[in-house]
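Breakdown of the fold
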Amino acid sequence: MQANLYALGAIALWASLASLGVALTHVPPFLLTGIALLIGSLPAWPFVLRDPAQWRIPVRTLALGVYGLFAYHFLLFIALRHAPPVETNLVCYLWPLLIVLLSPWLLPGVVLRAPHLLAALLGFAGAAIAITGGQALSGTLAWGYLPALAAAFIWASYSLLTRRVAAFPTTAIGLFALVSGLLSLLCHALLEPAAALQPRDWALLALLGLGPLGGAFFMWDRALKLGDARHIGILSYITPLASTALLLLVSGRPLDASIAWATLMIISAAVIGMRAR
């Protein structure tokens, strides 16, 4: 139960990502991610200052953290530049399904049963309806879908592999965010034009860093340490639903029937997944 609460906390914070991203569309993406991740590392600093040993982790573990936080966002931005955004978002949200499917391969002793698979597929169908608004996809073929698929695989495998490396404190997520943020700022310097930020931009970046690109990662790590990765993966389908609903509310657009259908499907998937043992 505690693991599910941590997962839902992370999902609630990730729900604000699209709305904050829309408000910061004028900020170059690597600059945005770099600053937000550096801010996202701040919650760990008080613990590390008291006990620096919490950041003395094996290089393999740090590499895994950078693989998850930096590589995922790097590939996501590449995908968004070379493929339609709605379809790219849909491909990226294959990661909850991949968490469920990859669990037996990456976690010893975990077995995938029919209810888990049914719940994961039902959840993905609900997420697809939420993301597309029930409209037909463009059908455009673009190579940008490949980095989007790779990003989905990276986040799913990172989430599972944190259970395979030597145990590390959740405060180490702050080190992952710090190194990933610095790499993102390096990408900004090499690949993007310079940008001047206004006070409002800094306020939104602080919200982004302390929320979906910071606090959510700490909660996600606690959820994975305490819970069943298959159940958490199925619960994660609430993320695109909540994100889409919040974006509609913030933009003043009415919620339509597609959101209702998506809600029903994702809640049904969660119930089926939680009842599976």
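Attention here is on the structure that accompanies the text.

Conventions and cut-offs
- Residues numbered from 1 in each chain as written.
- Predicted model: local features only at pLDDT ≥ 70, side-chain atom pairs only at ≥ 80, totals over all residues.
- Heavy atoms only, no water.
- Helix = DSSP H or I, 4+ residues; strand = E, 2+ residues; numbered from the N terminus.
- Buried < 20%, exposed > 50% of the residue type's maximum accessible area, 1.4 Å probe, protein only.
- Contact = heavy atoms within 4.5 Å.
- Areas by Shrake-Rupley, 256 points an atom, 1.4 Å probe, with all protein chains shown as cover.
- Lys, Arg positive; Asp, Glu negative; His and termini not counted.
- Charge placed at Lys NZ, Arg CZ, Asp CG, Glu CD.
- Salt bridge = Lys/Arg side-chain N within 4 Å of Asp/Glu carboxyl O.
- Phe/Tyr/Trp six-rings, centres within 6.5 Å; stacked < 30°, edge-to-face > 60°.
- Lys NZ or Arg CZ within 6 Å of the ring centre and 35° of its normal.
- Expected span 1.5 Å × (residues − 1).
- Bend = angle between axes of the 7 residues up to and from the residue.
- Patch = residues over 30% accessible without salt bridge, like charges linked within 9 Å, V, L, I, M, F, W, Y side chains within 5 Å.
- Axes fitted to C-alpha atoms, helices over the stretch in contact; angles between N-to-C directions.
- Left-handed = near helix turned anticlockwise from the far one by under 90°.
- Nonpolar A, V, L, I, M, F, W, Y, C, P; charged D, E, K, R; others polar.
- Core = buried A, V, L, I, M, F, W, Y, C linked by side-chain atoms within 4.5 Å.
- Disulfide = S-S within 2.5 Å.

1. Things to note about the overall build of the protein chain
- Looking only at helices and strands, one finds 14 helices and zero strands in the protein chain.
- When the helices and strands of the protein chain are listed from N to C terminus, the series reads α-α-α-α-α-α-α-α-α-α-α-α-α-α.
- With 277 residues in all, the protein chain has 53% of them scored as buried.
- Residue pairs at least 24 apart in sequence account for 89% of intrachain contacts in the protein chain once pairs closer than 6 positions are excluded.
- Entry remark: accessible area of the protein chain is about 12600 Å², with carbon and sulfur atoms responsible for 72%.
- Here the protein chain contributes 14 positive and 7 negative side-chain charges, whose respective centroids are spaced 12 Å apart.

2. Thoughts on the pattern of salt bridges
- According to the stated counting rule, one finds three salt bridges in the structure shown.
- Notably, a salt bridge pairs Arg81 with Glu192, separated by 3.2 Å at the nearest N-O pair. With Arg81 in helix α5 (residues 59-82) and Glu192 in the loop between α10 (172-191) and α11 (199-226), this residue pair connects regions lying 111 residues apart in the sequence.
- For Arg81, a relative accessible area of 43% translates into the label partly exposed.
- On the accessibility criterion, Glu192 (10% relative accessible area) is buried.
- Residue Arg230 is joined to Asp228 by a salt bridge in which the shortest nitrogen-to-oxygen separation is 2.6 Å.

3. Points about the packing of aromatic side chains
- Evaluation of the coordinates by the stated rule reveals 14 aromatic pairs.
- Ring centres 5.6 Å apart and planes at 35° place the aromatic pair Phe30 and Phe74 in the tilted group. Residue Phe30 is found in helix α3 (residues 29-40), and its partner Phe74 is found in helix α5; the two are separated by 44 residues along the sequence.
- Relative to Trp155, the ring of Tyr72 lies with its centre 5.7 Å away and its plane at 55°, an arrangement referred to as tilted. With a gap of 83 residues between them, Tyr72 in helix α5 and Trp155 in helix α9 (residues 145-161) connect regions that are remote in the sequence.
- Look at Trp155 and you get buried, because its relative accessible area is 3%.
- Three or more aromatic residues link up through ring pairs in this structure, and these residues are Trp14, Tyr72, Tyr93, Trp95, Trp155, Tyr158, Phe217 and Trp220.
- Directly above the aromatic system of Phe168 lies the positively charged group of Lys225, at a separation of 3.8 Å from the ring centroid.

4. Some details on α11
- Counted at 1.5 Å a residue, the expected span for α11 with its 28 residues is 40 Å, and the 39 Å between its end C-alpha atoms agrees.
- Approximately 40° is the largest bend angle found in α11, and it occurs at Gly215.

5. A few points about a nonpolar patch on the surface
- On the surface, Leu42, Trp45, Leu49 and Leu210 cluster together to form a nonpolar patch covering roughly 400 Å² of accessible area.
- Tracing the sequence through the fold places Trp45 in helix α4 (residues 45-50).

6. Quick word on the packing of α3 against α11
- Taken N-terminus to C-terminus, the directions of α3 and α11 make an angle of 65°; their axes are 7 Å apart at the nearest point. Seen from above, α3 lies across α11 with right-handed handedness. Packed against α3, whose contacting residues are Leu32, Thr33, Ile35, Ala36, Leu37, Ile39 and Gly40, the element α11 presents Trp202, Leu205, Ala206, Leu208, Gly209, Leu210, Leu213, Gly214, Phe217 and Phe218 at the interface.
- The residue makeup of the contact of α3 with α11, split by class, is 13 nonpolar, four polar and no charged.

7. What to know about the nonpolar core
- Counting residues in each nonpolar core, the largest one holds 81 residues, and the members touching the most others are Trp95, Trp155 and Trp220.
- If you tally residues by element for this core, the top one is α11, at ten residues.
- Among all residues touching Trp220, those that are not within four sequence positions of it are Ala10, Trp14, Trp95, Ile99, Trp155, Ser159, Ile232 and Ser236.

8. Structural notes on the state of the cysteines
- Counted by the stated rule, this structure contains zero disulfides.
- Counting only cysteine sulfurs, Cys187 is the nearest neighbor of Cys92, a cysteine outside any disulfide, at a range of 17 Å.
- Given a relative accessible area of 11%, Cys187 falls into the buried group.

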